Amino acid sequence: MGIAETRIYPINTGWLEADLGTYVFWKGPAGKKIWQPVFCHYVDTGTQKILIDTGLCDEARASRYHHKCEKRGCLQVHEHLEQVLGVHPDEIDAVVFTHLHWDHVQNMVKFRNARFVAPRAEIEMAYNPLPLYYRTYESVYLNVRPAYSECVFEAVENECEVFPGITMFHTPGHSVGHMAVSVATSVGEIVVCGDAIFNLRNLEPNAAEGWRYWVPARFVNSYEGWKSVEEIDKRSDYVLPCHDRLANERSNVFPYDGMPLRKRRQFIPGFKFYFGDMPMDTAERAAAAMNPEDVKDYLASLTPPSPNM
Ligand SMILES: [Zn+2]
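These figures come from a predicted structure and were not determined experimentally.

So, how was this worked out
- Residues numbered from 1 in each chain as written.
- Predicted model: local features only at pLDDT ≥ 70, side-chain atom pairs only at ≥ 80, totals over all residues.
- Pairing = 2+ DSSP bridges.
- Helix = DSSP H or I, 4+ residues; strand = E, 2+ residues; numbered from the N terminus.
- Axes fitted to C-alpha atoms, helices over the stretch in contact; angles between N-to-C directions.
- Contact = placed C-beta atoms within 7 Å.
- Core = buried A, V, L, I, M, F, W, Y, C linked by C-beta atoms within 7 Å.
- Buried ≥ 20, exposed ≤ 12 C-beta atoms within 10 Å, placed from the backbone.
- Expected span 1.5 Å × (residues − 1).
- Right-handed = clockwise from strand over helix to strand, strands pointing away.

S.K.: Is there a simple way to explain the sheet that holds strand E12 (residues 238-240) in this structure?
M.R.: In a beta sheet, neighbouring strands are held together by backbone hydrogen bonds and run either parallel or antiparallel to one another. Strand order across the open sheet formed by five strands is E8-E9-E10-E11-E12, with mixed pairing between neighbours. Two strands lie at the open edges of the sheet, namely strand E8 (160-163) and E12, each paired on one side alone. When strand polarity is set aside, the average angle formed by the axes of neighbouring strands in this sheet is 30°. Inspection of the sheet shows strand E11 (residues 188-192) paired to E12 by three bridges, in the parallel sense. In the strand pairing of E12, Val191 is matched with Val239. Set on the sheet, helix H5 (residues 222-235) makes contact with strand E9 (166-170), strand E10 (179-185), E11 and E12; between it and E11 the angle comes to about 150°.

Pasting the structure below:
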């Protein structure tokens, strides 16, 4: 039992339309639409069955109150668990939430035996949203019944190991209380990062602007948002964002043999970090700086933001 047995299964709950420039990439091509999947993640540690977020509702509700939505054959989270993975919703011990935006919390009531663990600042925002975010948190002011209305949350205040091998750490910016969930596995830390980044490309530079990271544009606080991207870079050997098709579709289950692991906090000549160094006692995990002769080829290999990522 434990790290060697821990497996993560991505679950795609449907597709949403968003804007490349106002959502996915800061100063990206605004006006260009992108269809993004909405993943949540089932984690089996051998001793516990845990969900990280619960994903989307049905197409009608999503399209009516939020973004244009297409299910494209995707099931809701509880259906997928039972029909594809053979896990009955009653078996789920806990749902851990990165944040409480509407597309991360649907169908909570299906998990009758689960504890619901969420960042405290997200719980407060969900129950009393800034009016700008009535839709984002499905406020009762919209005459919608929020997905969490019959559920009791356990609030997480500080970074902590919420279950053995499963650590929540602060990654605010996209939302006020956002926390990423780091899962200890046999290949290292796999970070389920919610919406702190939308796409793995967010962790690579925007060369034209001189940015070490091409951070997402959908933020309540860009300063914290950039810091959170640096934090994920320092702590992850693989990243599973909730809206990145490729990162989640490389396999039905993580880790897997031959999976591409990332380099933590690699200095790329010409691109500066803004915040401090690696967390205590992890300095040796940072990658060696990129060789200056390799920078040109590396930058040329990066995918520009496009609706087909
Ligand atoms: Zn979100």
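S.K.: Please explain the sheet that holds strand E3 (residues 49-52) as it appears in this structure.
M.R.: Strand order in the open sheet formed by seven strands is E4-E1-E2-E3-E5-E6-E7, with mixed pairing between adjacent strands. The open sheet terminates on both sides in strands that have one partner only, identified here as strand E4 (69-70) and strand E7 (153-156). With four bridges connecting them, strand E6 (residues 115-119) and E7 associate as parallel partners. Paired with Pro119 across the bridge in E7 is Val156. Running at roughly 95° to E6, helix H4 (residues 120-127) makes contact with E6 and E7 of the sheet.

S.K.: What am I meant to see in the nonpolar core here?
M.R.: Generally speaking, soluble globular proteins have nonpolar side chains that are buried together. Counting 76 residues, the largest nonpolar core has Val95, Val96, Val181 and Cys193 as the members making the most contacts within it. Here this core gets six residues from one element, more than from any other, and that element is strand E2 (residues 33-44).

S.K.: So what exactly am I meant to see when it comes to H5 here?
M.R.: Residues separated by three or four positions in an α-helix point in the same direction, a consequence of the helix having 3.6 residues per turn. Here H5 spans 20 Å end to end across 14 residues, near enough to the 20 Å set by a 1.5 Å rise per residue. With 10 of its 14 residues buried, H5 lies for the most part within the structure. Considered for burial, the residues of H5 that qualify are Glu224, Gly225, Trp226, Ser228, Val229, Glu230, Glu231, Ile232, Asp233 and Arg235. Along its buried surface, H5 packs onto E9, E10, E11 and E12.

S.K.: Help me out: how do you make sense of unusual backbone geometry in this one?
M.R.: Glycine aside, the phi torsion of most residues is negative, and most peptide linkages are trans. A cis geometry characterises the amide bond from Phe254 onward to Pro255, with omega recorded as -5°. For Pro255, the position within the fold is in the loop between helix H6 (245-249) and helix H7 (295-301). Unlike most non-glycine residues, Arg72 shows phi in positive territory, near 50°. Within the secondary structure layout, Arg72 lies in the loop between E4 and helix H3 (77-83).

S.K.: Explain the environment of Lys272 to me, please; I cannot follow it from the model alone.
M.R.: Here Lys272 shows up in the loop between H6 and H7. A residue is classified by how many C-beta atoms lie within 10 Å of it, and Lys272, with 9 of them, is exposed.

S.K.: Looking at this model, I keep getting lost on the pairing of E6. Mind explaining?
M.R.: Look at any regular strand and the pattern is simple: side chains alternate between the two faces of the sheet. Where burial is concerned, most of E6 is hidden: four out of the five residues are buried. Since E6 and E7 lie parallel, the crossover through H4 that links them has a hand, and here it is right-handed.

S.K.: Help me understand the environment of Asn107, please; the structure alone is not making it clear to me.
M.R.: In this fold, Asn107 is placed in the loop between strand E5 (94-96) and E6. C-beta crowding within 10 Å serves as the criterion here: with 20 such atoms nearby, Asn107 is assigned to the buried category. Sequence separation of Asn107 and Ile11 is 96 residues, and the distance between their C-alpha atoms is 14 Å. Setting aside residues no more than four positions away along its own chain, Asn107 makes contact with Thr54, Gln76, Val77, His78 and Ala147.

Everything listed here is a matter of coordinates, which is why it stays silent on function.
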